[in-house]
Amino acid sequence: IYQDEYVPKIYESEKKVERAQNISDILGYKYRNQVKVLMLLYCISQFTGSSALTFYSTMIFTQSQDDDSGNSDIDAVNQLNLILAVMKIFSALVGGVLADKLGRRPLLVYGNIAITISLFLIGFADYIEYLPGLAIMVIVYATLHGLTYSLVLPIYTSELLPAYGISVLLAFDYLCILVVSFVFPFVDLNQAFLGFAIAGAAFFLPVFRSVKETKGKTLHEIYKMFHAEKSSGLLDDDMSDDMMYLH
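Residues numbered from 1 in each chain as written. Predicted model: local features only at pLDDT ≥ 70, side-chain atom pairs only at ≥ 80, totals over all residues. Heavy atoms only, no water.

Engineer: What should I look at first to understand a nonpolar patch on the surface in this one?
Structural biologist: Where nonpolar side chains cluster on the molecular surface, the patch consists of Leu175, Leu178, Val179, Phe182, Val183, Phe186 and Val187 and spans about 690 Å² of accessible area. Position of Val187 relative to the elements: it lies in the loop between helix H9 (163-183) and helix H10 (189-210). Using a relative accessible area of 32% as the deciding quantity, one classes Val187 as partly exposed. (Patch = residues over 30% accessible without salt bridge, like charges linked within 9 Å, V, L, I, M, F, W, Y side chains within 5 Å. Areas by Shrake-Rupley, 256 points an atom, 1.4 Å probe, with all protein chains shown as cover. Salt bridge = Lys/Arg side-chain N within 4 Å of Asp/Glu carboxyl O. Helix = DSSP H or I, 4+ residues; strand = E, 2+ residues; numbered from the N terminus. Buried < 20%, exposed > 50% of the residue type's maximum accessible area, 1.4 Å probe, protein only.)

Structural data, given as structure tokens:
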């Protein structure tokens, strides 16, 4: 593929690329813009109720199956949990196809819109005590999240950051989960999901403006998208083309 004389040049240039070894490297100029975008996306993923739904789905389904005497149909609750699990499997399988066909950006941007709408409907269904609608919309929300953020966000993270950066973002994700899991039990269900919906709506414009398409792009092309004002930060100018082909 490469002429023999290009191989040593490409190898030497690759050795010049600094490796991220600690948090200061990840938060430095080279990855700062990527980290900002990913932190925004992880905040959206958790502050729109992804972990809250996982932790409290049984409680939500139990509430949706309460009769007038306050008793719940346990069989119906178990069936709803089974349907939820099946839809998550379905969304994982289909989401990968959509990510390759449509790209990462459409699923993250328009997925946020769909998730936000479903959250408003969950909160409204609970507010008017339309319990069958509550259970259905929870399953719809989980499916939409599985088709978009649950699947695409790890892919997007791996395309933007090296291995150590991924671990830093996962730690940030767990911090967001900690905040949500601490607050959610103390809030009424309809208030919680309406709050999640408001968060999703508030994040729409920043997501629309900052998320860039990475499908089919090399590492160097992705870097240039996030550092348009200085595209030669990673590479020597005379080696950029060679390195693009290397990656």
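Engineer: Honestly, the packing of helix H4 (residues 50-64) against helix H5 (residues 74-102) in this entry has me stumped. Any pointers?
Structural biologist: It is at 9 Å that the axes of H4 and H5 come closest, and there the two elements cross at 140°. In this view, H4 runs oblique relative to H5, as classed from their interaxial angle. Our pair here, H4 against H5, has a crossing hand that is right-handed. For the pair H4 and H5, the contacting residues are Thr54, Ser57, Thr58, Phe61, Thr62 and Ser64 in the first and Val77, Leu80, Asn81, Leu84 and Lys88 in the second. For the contact of H4 with H5, the class distribution of residues is four nonpolar, six polar and one charged. (Axes fitted to C-alpha atoms, helices over the stretch in contact; angles between N-to-C directions. Parallel < 35°, antiparallel > 145°, perpendicular 65-115°, else oblique. Left-handed = near helix turned anticlockwise from the far one by under 90°. Contact = heavy atoms within 4.5 Å. Nonpolar A, V, L, I, M, F, W, Y, C, P; charged D, E, K, R; others polar.)

Engineer: For this particular structure, what's the right way to read the pattern of salt bridges?
Structural biologist: Note on pairing: side chains with opposite charge can pair once their charged atoms come close. All told, the structure shown has two salt bridges when counted by the stated rule. Notably, a salt bridge pairs Glu159 with Arg104, separated by 2.6 Å at the nearest N-O pair. Separated by 55 residues along the polypeptide, Glu159 in helix H8 (residues 149-160) and Arg104 in helix H6 (residues 104-127) bring together distant segments of the chain. An identical accessibility class is assigned to Glu159 and Arg104; each is buried. Taken together, the shared-partner salt bridges in this structure form one network comprising Asp100, Arg104 and Glu159.

Engineer: How do you make sense of the environment of Val211 when you look at a structure like this?
Structural biologist: Looking at the secondary structure, you find Val211 in the loop between H10 and helix H11 (219-226). As a C-alpha pair, Val211 and Arg105 span 106 residues in sequence and 6.2 Å in three-dimensional space. Leaving out residues up to four positions away in the same chain, Val211 has contacts with Val37, Leu41, Arg105, Leu108 and Tyr156.

Engineer: Any chance you could explain the nonpolar core here in plain terms?
Structural biologist: Across soluble globular proteins, nonpolar side chains have a tendency to be buried as a group. Counting 56 residues, the largest nonpolar core has Leu38, Leu41, Tyr156 and Val207 as its most contacted members. Per element, the largest residue contribution to this core is nine residues, and it comes from helix H3 (residues 29-47). Dropping the residues within four chain positions of it, Leu41 is found in contact with Leu108, Tyr149, Leu153, Tyr156, Val207 and Val211. (Core = buried A, V, L, I, M, F, W, Y, C linked by side-chain atoms within 4.5 Å.)

Engineer: What should I look at first to understand the side chain of Gln34 in this one?
Structural biologist: Counting through the fold element by element, Gln34 comes out in helix H3. Apart from residues no more than four positions distant in its own chain, Gln34 is found in contact with Leu160, Leu161, Tyr223, Phe226 and His227.

Engineer: So what exactly am I meant to see when it comes to the packing of aromatic side chains here?
Structural biologist: Each aromatic ring pair is summarised here by two numbers: the centre-to-centre distance and the angle between the ring planes. Counted by the stated rule, this structure contains two aromatic pairs. Between Phe193 and Phe196, the ring centres sit 5.6 Å apart and the planes meet at 85°, which makes this aromatic pair edge-to-face. With Phe193 and Phe196 both in helix H10, this residue pair falls three residues apart, about one helical turn. A relative accessible area of 10% places Phe196 in the buried class. For the pair Phe204 and Phe208, a centre-to-centre distance of 5.9 Å together with 35° between the ring planes defines the contact as tilted. With Phe204 and Phe208 both in helix H10 and four residues apart, this pair spans about one turn of that helix. A residue is classified by how much of its surface remains accessible, and Phe208, at 37% relative accessible area, is partly exposed. For Arg105, the ring lying beneath its charged end belongs to Phe208, and the centroid distance is 4.9 Å. (Phe/Tyr/Trp six-rings, centres within 6.5 Å; stacked < 30°, edge-to-face > 60°. Lys NZ or Arg CZ within 6 Å of the ring centre and 35° of its normal.)

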